[in-house]
Amino acid sequence: MIAQVMKLDKILEQSLLFDFYGELLTEHQKEIYERFVADDLSLGEIAEEAGISRQGVHDLIKRCNQTLRGYEEKLHLMHRFLAVKEKVEQIEQLLEHYNEEDAEELVQNIRKISGEIIEEL
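Residues numbered from 1 in each chain as written. Predicted model: local features only at pLDDT ≥ 70, side-chain atom pairs only at ≥ 80, totals over all residues. Heavy atoms only, no water.

1. Things to note about the packing of helix α5 (residues 77-96) against helix α6 (residues 103-120)
Here is step 1: For the pair α5 and α6, interaxial distance at closest approach is 10 Å and the crossing angle is 175°. With respect to α6, the axis of α5 lies roughly antiparallel. Mapping the contact onto sequence places His 79, Arg 80, Ala 83, Val 84, Lys 87, Val 88, Gln 90, Ile 91, Leu 94 and Leu 95 in α5 and Leu 106, Asn 109, Ile 110, Ile 113, Glu 116, Ile 117 and Glu 120 in α6.
Here is step 2: Classifying every residue of the contact of α5 with α6 by side-chain character gives 10 nonpolar, 3 polar and 4 charged. (Axes fitted to C-alpha atoms, helices over the stretch in contact; angles between N-to-C directions. Helix = DSSP H or I, 4+ residues; strand = E, 2+ residues; numbered from the N terminus. Parallel < 35°, antiparallel > 145°, perpendicular 65-115°, else oblique. Contact = heavy atoms within 4.5 Å. Nonpolar A, V, L, I, M, F, W, Y, C, P; charged D, E, K, R; others polar.)

2. Description of the packing of aromatic side chains
Here is step 1: Counted under the stated rule, the structure contains 4 aromatic pairs.
Here is step 2: Centre to centre, the rings of Phe 18 and Tyr 33 are 5.7 Å apart; their planes meet at 35°, and the pair counts as tilted. Separated by 15 residues along the polypeptide, Phe 18 in helix α1 (residues 2-21) and Tyr 33 in helix α2 (residues 27-37) bring together distant segments of the chain.
Here is step 3: Overall, Phe 18 belongs to the buried group, its relative accessible area being 14%.
Here is step 4: Its relative accessible area of 0% is what places Tyr 33 among the buried residues. (Phe/Tyr/Trp six-rings, centres within 6.5 Å; stacked < 30°, edge-to-face > 60°. Buried < 20%, exposed > 50% of the residue type's maximum accessible area, 1.4 Å probe, protein only.)

3. Considering helix α4 (residues 54-75)
Here is step 1: Along its 22 residues, α4 runs 31 Å from first to last C-alpha, staying within 8% of the 32 Å computed at 1.5 Å per residue.
Here is step 2: Phi turns positive one or two residues past the end of α4, at His 76, with a value near 60°. (Expected span 1.5 Å × (residues − 1).)

4. Looking at the nonpolar core
Here is step 1: The biggest cluster of nonpolar side chains holds 18 residues, and the ones touching the most others in it are Leu 25, Ile 32, Tyr 33, Val 57, Ile 61 and Leu 68.
Here is step 2: Taken together, the elements giving at least two residues each to this core come down to α1, α2, α3 (43-50) and α4.
Here is step 3: Setting aside anything within four residues of it in sequence, one finds Leu 25 in contact with Phe 18, Lys 30, Tyr 33, Cys 64, Thr 67 and Leu 68. (Core = buried A, V, L, I, M, F, W, Y, C linked by side-chain atoms within 4.5 Å.)

5. Here's the deal with unusual backbone geometry
Here is step 1: Positive phi, close to 60°, is recorded for Asp 40, a residue that is not glycine.
Here is step 2: For Asp 40, a relative accessible area of 61% translates into the label exposed.
Here is step 3: Of note, the phi angle at His 76 is positive, near 60°, even though the residue is not glycine.
Here is step 4: We classify His 76 as partly exposed; its relative accessible area is 35%.

6. With respect to the packing of α2 against α4
Describing two packed helices takes the angle between their axes plus the distance from one axis to the other.
Here is step 1: The geometry of α2 relative to α4 is characterised by a closest axis approach of 10 Å and an angle of 100° between their N-to-C directions. When the interaxial angle is binned, α2 and α4 end up roughly perpendicular. For the pair formed by α2 and α4, the contact residues are His 28, Gln 29, Ile 32, Tyr 33 and Phe 36 on the first element and Val 57, Leu 60, Ile 61, Cys 64, Asn 65 and Leu 68 on the second.
Here is step 2: In the contact of α2 with α4, the residues fall into 8 nonpolar, 3 polar and no charged.

Structure follows, in structure tokens:
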């Protein structure tokens with residue numbers, strides 16, 4: 001079970017990194033990486049389609065992962081996105097439990113969270 005969760009986390013991370021930074025890869029890298037991450041093809045399937053070795057696909061995906069993580073380390077776009085997403089979810093939770101007696105407290109909490117969102121950006 002833990003291995004499945006870790007695999008899903010890795011796939012989610014790869015997908016998000018590709019969404020944010022995929023356009024910075026070469027066309028060939030984008031095609032191969034997208035086939036692996038988005039289309040969930042195996043290394044062998046991609047190798048056959050692309051006319052390269054399975055090892056070549058493996059190496060290219062590994063380099064793409066390193067490149068995309070390097071962009072994230074420098075730019076932090078994915079981190080900021082996830083932080084803002086979490087804050088918006090907090091606002092939604094506050095609104096779900098809204099009642100008129102707590103209106104002033106709700107407004108204060110939303111203002112606080114929206115200020116944190118602005119700081120994150």
